[in-house]
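# Structural description and commentary
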Amino acid sequence: MSALIAAMGRSRKLALGSAGLGVAMCICLVAILVVEGAGQASLWASVLGLPVGVVGAVAGMWALAVRPNKVLPPPALGVPEWVVDRPAEVAEVVAALLENPDATVGITTGLHGAGGFGKTVLARVVCADQRVRHRFSGGIFMVTMGRDVRSAPAVAAKVNDVIRLMAGEDAGFTDPEIASQRLGALLDSGPRRLLVLDDVWEPTQLDPFTAGGRRCARLVTTRVPELLAGRGLAVRVDQMSPEQARSVLTSGLPPLDPEVAEGLLIITGRWPLLLRLANKILANSALAGADVPAAAAQLLQRLRDGGPAVVDDITGESRRTLDVSKPPDRTLAVRATIEASTSLLDAPDAQRFAELGVFAEHETIPFSLIARLWRATGSLDELRASQLCARLAELALVSPAGTGTSGVVLHDVVRDFLRGELGRDGLARLNGLLVDAVAGSLPPAQALAGGTPGYSGIAWWELGPAERYMRDHLIEHLIEADRRLDAERVASDLRWAAVRLQESGPAAPAADLSLVSTPLATRLQAAVTRAAHLLAPTEPARARVDVLHSRVADDPDWGPQVTALRDLRAKPRLVTRWPLPDLAPSLRRVLNGHRGMVHSVAVAPDGSWLATGGDDGTARIWDAASGEQRTILTGHDGPVRAVAIAPDGSWLVTGGDDGTARIWDAASGEQRTALTGHTNWVTAVAVAPGGTWIATGSRDGTTRIWDAASHEQRALLTDPSGWARSVAIAPDGRWIATGGEDGKVRITGHRRVVLTGHDGPVRAVAIAPDGSWLATGSADRTARIWDATSGQQRAALTGHSAWVNGVLVAPDGSWLATGSNDSTARIWDAATGEERAVLTGHLAAVNAVAVAPDGSWLVSGSWDWTARIWDTAARQRRIIQAGHDSTMSAVAVEPNSSWLVTGSEDGTARIWDAASGAQRTALTGHDGPVRAV
């Protein structure tokens, strides 16, 4: 967009420059005419006219080709005719906005969650003030949030709407933070503007609109007073003054009995919403020719009968009045007032009104959709439906939509009341009727071959251009109709996603999937989010869908749909002839944090979090589901090379180049203690199964045992080879095995055995689940199985043609797997030592192997920058994981087998979904390779 704006600027300069050049040449010709005569002037005109014509033509063509987007001014915020001025509040808000061009001013009630006090109306009055309009010459932009706008894509969509109004850009952000950055840049560079943020409920709804904007003020309306704490001035709007309330109540009415009028002010609590409804009830009585004072007395009695009862603290007498600070009292008052209004309708019409509660919050409800619903529930034709809508508007139960829009608006307090009356079952039934009423006009969906989970019911993507409301809210209505499976099928169908993308950008399909929130929908939402920056509007417009297809063609669920839709899509269309070089099908996200290589990764026993250690001297705790960083563990003076987590997940231990191991509280991130004694790098740490002791291995040639409670050193084990590269603890915690540079494996504990036979450094050790045997891998190109008691070699596993870097034992102990520098992983029979399978496909050394807790699959990590998941039963490659930018050097599997983590020389650790191979998150920031997980 910046390039386009620059181009437009250049085109205007070029056109102006050519015009200036032409003027200068004309002056020159006049001078020649005067001095030399007409003949010379004619000659010079021919000479000078050619470049002027060429430059002018080029400038004109360029200006036409690069035509700027026309940004229309935002619509003026109108004020209803019946509004009564509230000068004190208006003056306070206006003064705050005029004094500071980047102020944040809030309009709120003193009551959490209370609506109907006129906050939005007051905001509109402020925006209509001529001083405010003059001050904010760049425009006043209003966006309504509401309780239902909660997911990140939905919030981002609201920011996109403001960007679109403000700059004419078709913003397609799905991340509120990124959208916020773009909005902030626009606000910083533009004229003074005012953002009106209506009905904000959460900080996550407000924060994206507060970045940048040195010349932009924010006017916030909210029912959550504490939301504005520390953000700026908050102006409270609660009950009207007696004079203001009386003005609203009696507007357009003949004189009322003073006592009756006063009683109505008391019973309505001077609450603007109820005052307006009471006024319309009496106005309708006047239109019908009734005695208005008598009708007012009857209304007062009715509201007293149905409204809240309050016991006077002094006299103990019960009186009928409304205490607006009490939600139950407000509910009773709303019920009594609405019932008084609907008593002027017959019973079927009152029921039709109640059914409007099914529609979405803060939306104009299209009349055509209301008519469809009422046809299904009450057999009303369009004429009867239109008459009823007009009647409801007369009673102020609904408000007509804005100019040029056929529909009505329902106040959210009234909507909340109706939804409460309908109940969950009633809402589910009505949502089902609404969905079915609309579906009746649509064709069945064509089934997609191999299109699981492609929807094969209703072709919702065939909704007409005027059905915008239904496209925006279909998923909500399906979910509220208890049809979540249908919602998942629709949202997961590429045909639906394509229509939503074309109309509303990538935030729309992402928001739909976020609402569904099933595991499948969550994964597909991540796919849309990853590609969002590439899904900008295209020329021709239909190519935008082709771009989406190209980005998800390798997805396990959307990929088959892309294939099935190739012959159904309109032609011509964009297709990819070669694999896209930037696509990593398994990539989900990259987490930034470490400033260098990630050396080690460990997964918590419950699989909910993991820890990494890096070259930047920190260990970091990350949430496994969201990928968010929970805390940073600082204290090591140098790279953190090893991490292990206690069996109960309450603490963890790290080892670093500063020669220390450190114990940390997993919840708070606070350091409990530092274990000192090593004189060189601590490169291996392990926690005993019971969590009572810790083993650390160091480049100083020692392995040390520490008490986990007292933190005192229990034992010092010296490794004659000079470096214990690997440490493994037996399942019963009674002995440990260490692999050394001299090719020997030393068992220490209640038994002492030295295993000899390898001709090179032992690079990996793994112990069988029952502790009866162990397996080792060595630089001598062999893996070996040993008896843990006698130390006798059971089998030598030969077949690899290079170093064996990784060894694992299956959970049931029946087989083991190895990874080697020869680019293969191999599965071996644990009893016989025979090779069961060679897993080929890697293009470089296999550094690490890990197995799922249920033994159904294993994963290998390689220097070819990929990890690959293999089915252990079929012994075939199941999924290739690509995403690292360098050698993959470590792998670990979460206890429930649902995900795994890899470490790489590129300084990142990445979390991958075990079933699909999709990368859930990437943990970045270490200053060196990740070599242990």
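Provided above is the structure to which this section pertains.
Quick look at the structure, then. (Residues numbered from 1 in each chain as written. Predicted model: local features only at pLDDT ≥ 70, side-chain atom pairs only at ≥ 80, totals over all residues. Heavy atoms only, no water.)

## Brief notes about the overall build of the protein chain
Along the backbone of the protein chain there are 24 helices and 43 strands. Residues counted as buried form 55% of the 933 residues belonging to the protein chain. A separation threshold of at least 6 residues defines the contact pool for the protein chain, and within that pool the share at least 24 residues apart is 55%. With an accessible surface of roughly 38900 Å², the protein chain has 53% of that area assigned to carbon and sulfur atoms. (Helix = DSSP H or I, 4+ residues; strand = E, 2+ residues; numbered from the N terminus. Buried < 20%, exposed > 50% of the residue type's maximum accessible area, 1.4 Å probe, protein only. Contact = heavy atoms within 4.5 Å. Areas by Shrake-Rupley, 256 points an atom, 1.4 Å probe, with all protein chains shown as cover.)

## A word on the packing of helix 20 (residues 494-504) against helix 23 (residues 543-552)
Viewed as axis vectors pointing N to C, helix 20 and helix 23 meet at an angle of 130°, and their least axial separation amounts to 10 Å. One element, helix 20, and the other, helix 23, form an angle in the oblique class. For the element pair helix 20 and helix 23, the recorded crossing hand is right-handed. Side by side, helix 20 and helix 23 meet where L494, A498, L501 and Q502 of the first sit next to R544, V545, L548, H549 and V552 of the second. (Axes fitted to C-alpha atoms, helices over the stretch in contact; angles between N-to-C directions. Parallel < 35°, antiparallel > 145°, perpendicular 65-115°, else oblique. Left-handed = near helix turned anticlockwise from the far one by under 90°.)

## What about the nonpolar core?
Proteins that are soluble and globular tend to have nonpolar side chains buried together. Core analysis: the biggest nonpolar cluster contains 83 residues, and F353, F359, W374 and W460 have the highest contact counts within it. Ranked by residue count, the leading element in this core is helix 17 (residues 412-439), at eleven residues. The contacts of W374, once residues within four sequence positions are left out, are R352, F353, E355, L356, S379, L380, A385, L388, C389 and L392. The next biggest cluster of nonpolar side chains, apart from the first, holds 27 residues, and it includes F141, M166, L183 and L197. (Core = buried A, V, L, I, M, F, W, Y, C linked by side-chain atoms within 4.5 Å.)

## Focus on the pairing of strand 31 (residues 793-797)
Alignment of strand 30 (residues 783-787) against strand 31, held across four bridges, turns out to be antiparallel. In the strand pairing of strand 31, A783 is matched with L797. From the end of strand 30 to the start of strand 31, which pair antiparallel, there are five residues, and G791 there has a positive phi angle of about 80°. (Pairing = 2+ DSSP bridges.)

## Things to note about the pairing of strand 30
Strand 30 sits mainly inside the fold: five of its five residues count as buried. Side-chain alternation along strand 30 places A783, I785 and D787 on one buried face and R784 and W786 on a second face that is also buried. Here five bridges tie strand 29 (residues 773-778) to strand 30, and the two strands are oriented antiparallel to one another. Bridge pairing links W773 to D787 in strand 30. The antiparallel hairpin formed by strand 29 and strand 30 contains four residues in its connecting segment, where R781 sits at a positive phi of about 75°.

## Regarding the side chain of T221
By the secondary structure assignment, T221 is in strand 4 (residues 216-222). Judged by its relative accessible area of 0%, T221 is buried. Within the structure, T221 has its side chain in polar contact with the backbone nitrogen of D199 (distance 2.8 Å). Not counting the four nearest positions on each side in its chain, T221 is found in contact with I107, K119, T120, A123, L197, D198, D199 and V200. (Polar contact = N/O pair within 3.5 Å; in protein donor to acceptor, adjacent residues only side chain to side chain.)

## Describing the sheet that holds strand 24 (residues 724-729)
Read from one edge to the other, the open sheet built from four strands follows the order 24-25-26-27, with strand pairing classed as antiparallel. Edge positions in the sheet fall to strand 24 and strand 27 (753-755), since each has one partner strand and no second. Across the sheet, the axes of successive neighbouring strands diverge by a mean angle of 20°, strand direction being ignored. Bridge count between strand 24 and strand 25 (residues 735-740): five bridges; the pairing is antiparallel. Residue pairing in the sheet places A724 in a bridge with G740 of strand 25.

## Comments concerning the pattern of salt bridges
Applying the stated criterion across every chain, the model contains 38 salt bridges. For E835, the salt bridge is made with R826, and the minimal N-O distance between the two is 2.9 Å. Since its relative accessible area comes to 38%, E835 is described here as partly exposed. Note on R826: relative accessible area 12%, which makes it buried. (Salt bridge = Lys/Arg side-chain N within 4 Å of Asp/Glu carboxyl O.)

## Quick notes on helix 10 (residues 258-267)
All buried positions along helix 10 are accounted for by V260, A261, G263, L264, L265 and I267. The opening residue of helix 10, the one whose side-chain oxygen lies 2.9 Å from the backbone nitrogen of E259, is D257. A positive backbone phi angle near 65° is found at G269, which sits one or two residues after helix 10.

## Notes on the sheet that holds strand 8 (residues 365-366)
Read from one edge to the other, the open sheet built from three strands follows the order 8-10-9, with strand pairing classed as antiparallel. Edge strands, defined here as strands with exactly one partner in the open sheet, are strand 8 and strand 9 (399-400). Pairing of strand 9 with strand 10 (residues 407-409), which is carried by two bridges, proceeds in the antiparallel orientation. Paired with S399 across the strands is V409, a residue of strand 10.

## Points about the packing of aromatic side chains
For the structure shown, the criterion picks out one aromatic pair. Between F359 and Y469 the ring centres are 5.9 Å apart and the planes differ by 65°, which places this aromatic pair in the edge-to-face class. On the criterion of sequence distance, the pair formed by F359 in the loop between helix 14 (347-354) and strand 8 and Y469 in helix 18 (residues 468-480) is long-range, its members being 110 residues apart. Of the two residues examined, F359 and Y469, each falls in the buried class. The side chain of R641 reaches across the aromatic face of W681, ending 4.0 Å from its centre. It is R699 that lies over the ring of W681; its NZ or CZ is 4.6 Å from the centre. (Phe/Tyr/Trp six-rings, centres within 6.5 Å; stacked < 30°, edge-to-face > 60°. Lys NZ or Arg CZ within 6 Å of the ring centre and 35° of its normal.)

## A word on the side chain of Q561
Mapping Q561 onto the fold places it in helix 24 (residues 558-565). In this structure the side chain of Q561 is engaged in a polar contact, spanning 3.1 Å, whose partner is the backbone oxygen of S492.

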